[in-house]
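# Examining the three-dimensional arrangement
Listed below are the residues making up each chain.
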Amino acid sequence: MPRRWIAAVAAIALAVVGIACEGGDIHRPEHSPSPHQRSASIAALGDSITTAFGSCLALTSCPRNSWSTGSGIRVDSIRSRLLDDDPGLGLDTHNEAVAGARATALPDQASAAVRHRADYVTILIGANDACRPDIDQMTSVSDFRADLDHALRILRKGRPKAQVLVASIPDLNRLWSAGHTDRLAVRVWAHGVCPSLLANPTSTAAADAHRRAAFAARIDAYDDQLAAACAGYGKRCRYDGGAVHRVKITMDMVNPLDSFHPDVDGQHLLASTAWHAWRLGS
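To keep things clear, this report deals only with the structure shown in the data block. Given the structure is predicted, the values throughout are model-derived calculations rather than measurements. (Residues numbered from 1 in each chain as written. Predicted model: local features only at pLDDT ≥ 70, side-chain atom pairs only at ≥ 80, totals over all residues. Heavy atoms only, no water.)

### Overview of the nonpolar core
By size, the foremost hydrophobic cluster in this structure holds 67 residues, and its most contacted members are Trp 67, Ile 123, Leu 155, Val 164 and Phe 215. No other element matches the seven residues that helix 9 (residues 206-233) contributes to this core. Non-local contacts of Phe 215, meaning those with residues more than four positions away in its chain, are made with Ala 130, Cys 131, Ile 135, Met 138, Leu 172, Asn 173, Cys 194, Ser 196 and Leu 197. (Core = buried A, V, L, I, M, F, W, Y, C linked by side-chain atoms within 4.5 Å. Buried < 20%, exposed > 50% of the residue type's maximum accessible area, 1.4 Å probe, protein only. Helix = DSSP H or I, 4+ residues; strand = E, 2+ residues; numbered from the N terminus. Contact = heavy atoms within 4.5 Å.)

Listed below in structure tokens is the structure:
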């Protein structure tokens with residue numbers, strides 16, 4: 001039996017018996033501020049990528065593996081890197097991302113970040129705006145930008161000194177390219193995983209090729225709006241310059257349950273990529 005099939009069977013077995021997300025990976029202890037520490041807060045906004053959905057071998061969110069706020073050592077999240085940079089920092093952590101969220105959810109998530117008095121905010125959004133039942137149902141570029149601007153206005157008004165990192169959207173067409181010849185991925189995607197891109201993944205018909213091209217163009221348009229909105233926010237917002245989008249996705253970077261969401265290694269790569277783009281730009 002191929003190794004990836006074995007991994008999938010094992011993962012599904014764990015999901016059936018309800019293995020909790022907290023099991024398995026070693027994680028860093030939470031850093032509660034002591035009276036002698038400088039306290040700060042980080043908030044993550046976004047969707048299932050930021051909740052680390054599927055990264056604990058179960059079809060559920062596993063925030064401890066999040067590229068942004070996770071505590072898992074294998075991930076080495078933005079949160080963990082901030083603590084490594086400043087060992088005396090007491091960092092409260094708030095993951096406000098929600099699996100399935102689209103840009104329309106960002107304003108409420110931004111309001112939560114303000115309530116938490118966030119000093120650092122990460123934003124990764126857009127995959128679900130494109131991953132719709134059909135191309136025609138994708139969020140329009142103008143609506144995407146309006147929701148994004150609304151969220152950023154909330155942050156700028158409520159936490160004007162917070163540092164904001166806006167990540168580009170992963171290039172999901174690379175995922176299709178890597179997985180459309182993989183039997184496991186094709187079988188899983190047939191259950192409705194991002195149909196606007198991944199329906200009929202093995203087809204070479206002109207209509208399917210056109211649909212994939214339209215999907216890629218919409219992701220590019222969203223990334224353009226992320227960059228422009230961040231630039232309009234001011235110097236405390238940093239766009240990653242497309243770094244996350246340029247990551248070359250392979251099937252070894254996604255979990256075997258849905259062949260879509262990043263596994264622990266994929267979350268680590270997202271964290272590393274976003275961190276270096278943020279720091280090099282600061």
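On we go.
### Topic: the environment of Arg 174
Along the chain, the position of Arg 174 falls in helix 6 (residues 172-179). Relative accessible area serves as the criterion here: at 30%, Arg 174 is assigned to the partly exposed category. In this structure the C-alpha to C-alpha distance between Arg 174 and Val 247, which are 73 residues apart in sequence, comes to 8.9 Å. Ignoring any residue separated from it by four or fewer positions in sequence, one finds Arg 174 in contact with His 245, Arg 246, Val 247, Lys 248 and Ile 249.

### Considering the packing of helix 3 (residues 106-115) against helix 5 (residues 141-158)
It is at 8 Å that the axes of helix 3 and helix 5 come closest, and there the two elements cross at 10°. Between helix 3 and helix 5, the interaxial angle falls into the category roughly parallel. In this structure, helix 3 crosses over helix 5, and the sense of that crossing is right-handed. Residues Leu 106, Pro 107, Ala 110, Ser 111, Ala 113 and Val 114 of helix 3 form the contact with helix 5, whose participating residues are Asp 147, Leu 148, His 150, Ala 151, Ile 154, Leu 155 and Gly 158. In terms of residue class, the contact of helix 3 with helix 5 is built from nine nonpolar, three polar and one charged. (Axes fitted to C-alpha atoms, helices over the stretch in contact; angles between N-to-C directions. Parallel < 35°, antiparallel > 145°, perpendicular 65-115°, else oblique. Left-handed = near helix turned anticlockwise from the far one by under 90°. Nonpolar A, V, L, I, M, F, W, Y, C, P; charged D, E, K, R; others polar.)

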